[in-house]
Amino acid sequence: MKNPIFRLATEYGLLQEALNNSGTDWSVFTNTQKQLGPDFVEKLRSLSTFLHMQADLQIQNNTQLKSIWDVCEVGINELIKNWTDDSPTVRSQKLGWLNLVMKNESAVFAVQSLHDVSLQQISEREYFEGGDRYSPGFFPKLISSLKEDIPREKLLLEKPVKQIQWNGNFESYDGSTHPIRVVCEDGDSFLADHVIVTVSLGYLKGEAETMFHPTLPAEKLNAIKSLGFGTVNKVFLEYEVPFWENSQDWIGLLWENETPFSGLKPNIAEWWQRIYSFYMLNQARFGHMLLTWSSGREAEFMETLSEEEIASNITSLLRQFMGRPVPRPKHVFMSKWFSNPYIRGSYSHVSINSTGDMFDTLAEPLPQEKGDGHLSEKLQVLFAGEATQRRYHSTTHGALLSGWREADRLINHYSIFEGQQLQTKQVACGSHH
Ligand SMILES: Cc1cc2nc3c(=O)[nH]c(=O)nc-3n(C[C@H](O)[C@H](O)[C@H](O)COP(=O)(O)OP(=O)(O)OC[C@H]3O[C@@H](n4cnc5c(N)ncnc54)[C@H](O)[C@@H]3O)c2cc1C
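Residues numbered from 1 in each chain as written. Predicted model: local features only at pLDDT ≥ 70, side-chain atom pairs only at ≥ 80, totals over all residues. Heavy atoms only, no water.

**Student:** I keep staring at the site of the ligand and nothing clicks. Help me out?
**Tutor:** Around the ligand sit 19 residues, and of these Val161, Tyr203, Tyr342, Glu386 and Thr396 come closest. Contact between the ligand and Tyr203: a nitrogen atom at 3.1 Å from a side-chain N or O atom of the residue. Within the backbone of Thr395, one N or O atom sits 3.4 Å away from an oxygen atom of the ligand. Its free accessible area being 1000 Å², the ligand has 67% of it covered by the protein chains. (Near = heavy atom within 4 Å. Polar contact = N/O pair within 3.5 Å; in protein donor to acceptor, adjacent residues only side chain to side chain. Areas by Shrake-Rupley, 256 points an atom, 1.4 Å probe, with all protein chains shown as cover.)

**Student:** Would you take a moment to explain the nonpolar core for this structure?
**Tutor:** General note: in soluble globular proteins, nonpolar side chains tend to be found buried as a group. Counting 36 residues, the largest nonpolar core has Ile68, Trp97, Leu98, Met102 and Leu114 as the members making the most contacts within it. Once residues lying within four places of it in the same chain are set aside, the contact partners of Leu114 are Ser67, Ile68, Trp69, Cys72, Met102, Glu105, Ser106 and Phe109. (Core = buried A, V, L, I, M, F, W, Y, C linked by side-chain atoms within 4.5 Å. Buried < 20%, exposed > 50% of the residue type's maximum accessible area, 1.4 Å probe, protein only. Contact = heavy atoms within 4.5 Å.)

**Student:** Sorry if this is basic, but what is going on with helix 6 (residues 138–148) here?
**Tutor:** Residue pairs three or four apart in sequence face the same way in an α-helix, which turns once every 3.6 residues. Residues of helix 6 that are buried include every one of Phe138, Leu142 and Ser145, and no others. Buried residues of helix 6, seen end-on, are gathered within an arc of 60° and therefore sit on one face of the element. Buried positions along helix 6 lie against helix 1 (4–11). (Helix = DSSP H or I, 4+ residues; strand = E, 2+ residues; numbered from the N terminus. Arc of directions from axis to C-beta.)

**Student:** What is the right way to look at unusual backbone geometry in this model?
**Tutor:** In terms of backbone geometry, most residues other than glycine have negative phi values and most peptide bonds are trans. In the segment running from His213 into Pro214, the intervening peptide bond is cis, with an omega of -5°. Inspection of the secondary structure assignment puts Pro214 in the loop between strand 8 (212–213) and helix 8 (218–226). The peptide bond linking Leu366 to Pro367 adopts the cis configuration, its omega dihedral lying at -5°. Along the chain, the position of Pro367 falls in the loop between helix 12 (357–363) and strand 16 (381–383). Its identity as a non-glycine residue notwithstanding, Ser394 has a phi of 70°, on the positive side. A residue is classified by how much of its surface remains accessible, and Ser394, at 16% relative accessible area, is buried.

What follows is the structure in structure tokens.
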């Protein structure tokens, strides 16, 4: 199966020629102002490959391990066994590199540290083939294309929902009754037979207890509380003139005094230590633009800083590592997913205190199937969004698939419902004869 976002993009004619950089020209600088040689950088990269292979092996063979850090630790200890001939400097550079890998993996999972992530996060996840494609404005264009199929008057945007009252018997002005009333923050309300809730897990963590009346079943509340929802942010730095070579793709910052065993504890006072790399975006498309990432508490703290503070601290960091004048960026653009009151983080993960089946619990519609409910009362509140998609959670395609899943659930419901009505009609007709 192809990635459904890719399939939609093909359908809407939104695929453009990818203008990605080669991804091969890497430069690594240390906090002691050394640039590591290309052969050594290759060696460091092969450590990452070895670590990934070791992790896969451990996942298959070692059932005692619980967190992603646990498998990394076994792999790192395997690696260290072969470092007997290394000088203390080379050893600390290799350990510093492995800590950079930990920072990167923590950004990928949007977590503080790999100690927080259960092994189920990787043992259960499925992936589509193919790499990332950078295409400016792709998602806004995709949303516009999707919106074209929906009549304008059916869409209400900028209308935050305060409460979903379900299992009720609400009477409409035309005398019909409905089990659901959706109450908005501005006081407006709407009656409905079904709602599909797609708010983020971050929002649910803060509001689930009051957002639903009656309150959600205990196992759903427990899944909301236990599953992880961390923060990762992108920071774009735009420069008047580039201070890097045209061919360069990536700059890595390696702290020789850091090791992966320190465990990436939050360090708000020196939040910039969490920043480990800069990607050079394609110049033809983006101009002189660098992209860096931050995750965990440091990323959440960065959201409170001004553009000015971020620009000056990142410039000092680059100067410290590169040992030469580096210009200040003329603009800094940063995502602020944690402080967005309707998102409150970035995406979900299987935390060490949760299990993959909690994504399924979150996806279960209400009221729960007891087998005795009347058909028309079923499927009042349905749940979609990335954190309800067990195999592809934390992705846009997971979010899309979850929406299709719930749409299909309602379509099937009404096909069965109509089928039953038809049968009743036939029985009624039969009794006439
Ligand atoms: C930095 C970053 C990089 C990422 N990179 C990738 C990537 O490379 N590939 C990939 O596939 N995915 C990536 N993702 C993940 C992807 O963006 C998300 O998984 C996806 O957007 C989740 O979609 P969703 O519809 O479940 O939730 P959301 O996009 O969070 O949508 C939920 C919506 O609910 C609304 N809402 C919340 N509360 C209320 C309320 N009370 N009333 C009304 N509306 C409300 C919110 O405003 C929001 O619009 C990335 C995410 C981040 C943050």
